[in-house]
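Per-entry structural report
What follows is the residue order along each chain.
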Amino acid sequence: MLGKVFTDAELTVMGADADMIKAYKMTRSMYDRIHGMVSAQRKKYGKTELAYRAGYVPHFFHAWRVMKDGEIISSYRSINEAVKAADGMNETGLKIVPAMDDFGGQGQLDAVTLGDMQYFKLIKNVEDVFALSHEDARDFVSGDVAKMKNRSRVFNNALQRKGAKGWDADMEYALRHYANMSARFIAMDDLKHKTINMFERAFGRFDNQHHGVAGYTKNYINDALGVPSSAANTLNNRIRDSWIGKYAPDYIGDRPAEMLASKITSVIGIAKLGIFNLSSAAINITQLNGTVALTGAKYTVRGLAEYFVPTAKTKAIWRAAGVEENISMENPSGYSKTHRARGAFADAAMLAFRTMDQMARKTTINAAYRKAIDEGKSHSAAVEYVKEINERVNYDYGVADTPDFMRRTGPLGQLMFQFKKYPIKTMELVAGMNGKERAKWFAGMFLMSGMMGMPLFNWIKDMIKHLWDEDIEMEIKKAVADSPLPNAAKRTLLYGVMANAGVDIGRRVGLGDILPSDMSDLPGPAASTIVRVLQTMPRIFNDGNFLDTIEAISPGVSNPIKTLMIGESKDKRNRTKFRYETAGEKALGAVGFRPIRQSVESDATRLANHEETKRSAEEVRAINNFIEVRESGYKPSSPEWKKAQAELKRLRIKGTPVAQEMKKRKQYNISAYDRKFNEGKKNNPKANEKREIMRLMREMR
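Within every chain, residues take consecutive numbers counted from 1 along the sequence as written. Selection of residues for local features in this predicted model requires a pLDDT of at least 70, selection of side-chain atom pairs for listing and counting requires 80 or more, and totals for whole chains, interfaces and linings are taken over all residues. Hydrogens are left out, water is left out, and the side-chain values use all remaining heavy atoms of the structure.

**Topic: the overall build of the protein**
The secondary structure content of the protein amounts to 37 helices and eight strands. Relative accessibility under 20% of the residue-type maximum defines a buried residue, over 50% an exposed one, and the middle range a partly exposed one, all with a 1.4 Å probe and only protein chains included. In the protein, which comprises 701 residues, the proportion classed as buried is 41%. Contacts are assigned to residue pairs that have any heavy atoms within 4.5 Å of one another. Look at the contacts in the protein between residues 6 or more apart in sequence, and 66% of them connect residues 24 or more apart. Each helix corresponds to a stretch of at least 4 residues labelled H or I by DSSP, and each strand to a stretch of at least 2 residues labelled E; elements are numbered beginning at the N terminus.

As structure tokens, then:
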């Protein structure tokens, strides 16, 4: 605050110990470095370098000020916060003013440089209008005020605010906010200049309404710059106008919809991917299948070995490739959160997932770099190649690489399409491969997941089921089970090569459901989790079963309970589905994997039910066919009669079922409604209830 750089001796006299002196120097050095970077960025586009006093700590003024007699008392992030703070001051004559006034000095110079003099003139002309009394501000809490629109991003900290009060005195906030704001300014200033200038050369004035390719491009630029979409603005306004905006303004911030969606998706990400769910973490390693396809198995093996024993050069390549800043699947907002402290629990819960994600990315980088160098590329060209391969194989989950339909839906899209980027990026990866690369990728996928995990298998299965009423999954499994192949080959075909080690990872890594066929998948994991919790909660009150509710929230928590404590999994009717017998099975189940015995027993049960259902359908067809042949007037000596009779004999159908069906046809030669209405005995409570429902429905005819 004194604008002074202190020496070690001065700090020692003030009572600072060695650690505090070290921390002071690091912080001071970072401020100086950031200032130099921001000045260099401003100079790039002809703006005057920032004046900078030695020892200066940036002061931050928020969007709304509480003022009295022309003096700023304090500033707040939103008008709601300002109103709330003014309520607690118990003073008269308070005014709440938006932060649009010009402090003069460097601020005036910036205004000229940025072409915003008209903006400052506007503010001076309406200064009295925007100076609201405390009471008027209450009625204005949901309103918007004029905003600056200029080609360059405004670096507000450039404004000299000498003598002005009301800056945020939270030093931790000031340091973090200054670093974050500076980084965004440097990155986005280049982006804004280059992209908007290019846009206007191709499509005309950026601020105009655009459609088609121009509209898509404008939306893309705005999303990359962090400009809220129309959907986001609508939601934000609704929330700010609601009781939440009135009573919790300090919590919801300036963009409450984005904040809420981010909080929910972060919790869902931790619940579904983290805690004890080590299987989700391990699945990240399967991304190396793409690495093998694009760089080859030799370089992938070398890259993995180098990951475990990295040299100083290896780490330098990782830094050059920016791997530590890659946005992974756990950040569904599409914006990096590396500047935020997540908290001890969140960090611990996601440690395994992040570690495995980084292993896959760093191994890919190592493999791609070694391949590029062997092909004769320079270091700089190899690094660019590394970035490309890493992004193609491990995907960029940032907003800049998000499909337009997800970005247009704003915060709702974050909730609905959480985890949906993965299948889209996978299809992009495969589509961009050449024939040889694609063959290697499919071969690797087959080995990992088996036949049922191949892309689009579920969609093809459902289509065939709908068109021809045939379950090809069960038929394939039956054919494999009946084949003379060795058991190891059978397990590999159906569940992947890891089945021979006792674990089924096929259902986790497989892409058979890459196109969702279940409508319940559409609302997204947050909505489906809420629905499942509501469905399972009655069991808590009925029989004290908390496990189903826990499993609906977080498989990572429920799996150890189910396998290690209970030792078995149950179905919806509380009947035992599978019992974990060995220590290995319990260990696999506890971390989210499925023992191969569980998969085989489950499929055996499904296949038996499938065969039973198929036989019942065949029996019905055979009986109906025989009756139709008989009633058509064919003689017992005719080929038609003999063929129908042979089918009955093959299915071991005696004369009684045929006679019963013929009797029913004669007895129920009435409408389906009348047959159902007359079904059952008169003194049967269920039959009486059914008839009463049908009677009430009949009255609506």
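Next comes the rest of the write-up.
**Details of empty space enclosed by the protein**
Using a 1 Å grid laid over the protein atoms alone, points where a 1.4 Å probe fits but cannot get out form a cavity; open sets with protein on both sides within 12 Å along at least 5 of 7 lines form a pocket; any residue with an atom within 4 Å of a point counts as lining. Grid points are joined across faces, edges and corners, and a volume is the space filled by probe spheres set on the points. Considering all chains together, one arrives at one cavity of 30 Å³ or more under this definition. Looking at the largest cavity, its volume works out to about 90 Å³. Taken together, 13 residues form the lining of the largest cavity, with Thr286, Gln287, Tyr395, Tyr422 and Trp441 sitting closest to its centre. Class assignment of the residues belonging to the lining of the largest cavity gives a composition of eight nonpolar, five polar and no charged. For this classification, the nonpolar set comprises Ala, Val, Leu, Ile, Met, Phe, Trp, Tyr, Cys and Pro, the charged set comprises Asp, Glu, Lys and Arg, and every other residue, Gly included, is treated as polar.

**A look at the packing of helix α23 (residues 421-431) against helix α24 (residues 435-449)**
Their axes nearest at 9 Å, the elements α23 and α24 cross at an angle of 135°. Here α23 is positioned oblique relative to α24, judged by the angle of their axes. Facing Thr426, Leu429, Val430 and Ala431 of α23, the residues of α24 in contact are Arg438, Trp441 and Phe442. Per-class residue counts for the contact of α23 with α24 are five nonpolar, one polar and one charged. Lines fitted to the C-alpha atoms define the axes, with helices restricted to the stretch that makes contact. Angles between their N-to-C directions range from 0 to 180 degrees. These descriptions rest on fixed angle ranges, namely under 35 degrees for roughly parallel, over 145 for roughly antiparallel, 65 to 115 for roughly perpendicular, and the rest for oblique.

**Remarks on the pairing of strand β2 (residues 71-76)**
Each regular strand shows side chains that alternate between the opposite faces of the sheet. Whether two strands pair depends on DSSP finding at least two bridges between them. As paired strands, strand β1 (residues 64-68) and β2 are joined by five bridges and run antiparallel to one another. Within β2, the residue paired with Val66 across the bridge is Ser74. Once β1 ends, the chain turns through two residues before running back antiparallel as β2, passing Asp69 with a positive phi of about 55°.

**A short note on the packing of aromatic side chains**
Only centres within 6.5 Å qualify two rings of Phe, Tyr or Trp (six-membered ring in Trp) as a pair; their planes then separate them into stacked at under 30 degrees, edge-to-face at over 60, and tilted for everything else. If you walk through the whole model with that rule in mind, you get twelve aromatic pairs. Judged by centre distance (5.2 Å) and plane angle (80°), the rings of Phe199 and Phe206 are edge-to-face. The residues Phe199 and Phe206 share a single accessibility class, namely buried. Ring geometry for Tyr307 versus Phe308: centroids 5.2 Å apart, planes at 75°, classification edge-to-face. On the accessibility criterion, Tyr307 (17% relative accessible area) is buried. Looking at Phe308, the relative accessible area reads 56%, which means it is exposed. Two conditions define a charge sitting above a ring: the NZ of Lys or the CZ of Arg must be within 6 Å of the ring centre, and it must be within 35 degrees of the ring normal. Positioned above the aromatic ring of Phe206, the side-chain terminus of Lys218 is 5.3 Å from the ring centre. A cation over an aromatic ring shows up here: Arg407 above the ring of Tyr216, its NZ or CZ 5.7 Å from the ring centre.

**Regarding the side chain of Lys371**
By the secondary structure assignment, Lys371 is in helix α19 (residues 351-374). The charge count treats Lys and Arg as positive and Asp and Glu as negative. His and the chain ends do not count. Definition used for salt bridges: Asp or Glu carboxyl oxygen within 4 Å of a side-chain nitrogen of Lys or Arg. Of the side chains bearing the opposite charge, Glu375 lies closest to the buried Lys371, which forms no salt bridge; the N-O distance is 4.1 Å. With sequence-adjacent residues up to four places away left out, Lys371 is seen in contact with Leu294, Thr295, Tyr299 and Tyr385.

**A short note on the pattern of salt bridges**
Taken as a whole and assessed by the stated rule, the structure comprises 36 salt bridges. For the salt bridge of Arg28 with Asp32, the shortest nitrogen-to-oxygen distance reads 3.9 Å. Taken as a pair, Arg28 and Asp32 lie in helix α2 (residues 18-44) at a separation of four residues, close to a single helical turn. Classification of Arg28 by relative accessible area gives buried; the value is 8%. Two residues, Asp469 and Lys465, come together in a salt bridge whose shortest N-O distance is 3.6 Å. Judged by relative accessible area, Asp469 falls into the exposed class, the value being 57%.

**A word on the environment of Val629**
Along the chain, the position of Val629 falls in helix α33 (residues 596-631). Taking the C-alpha atoms as reference points, Val629 and Ala644, 15 residues apart in sequence, are found 7.5 Å from one another. Setting aside anything within four residues of it in sequence, one finds Val629 in contact with Tyr634, Glu640, Trp641 and Ala644.

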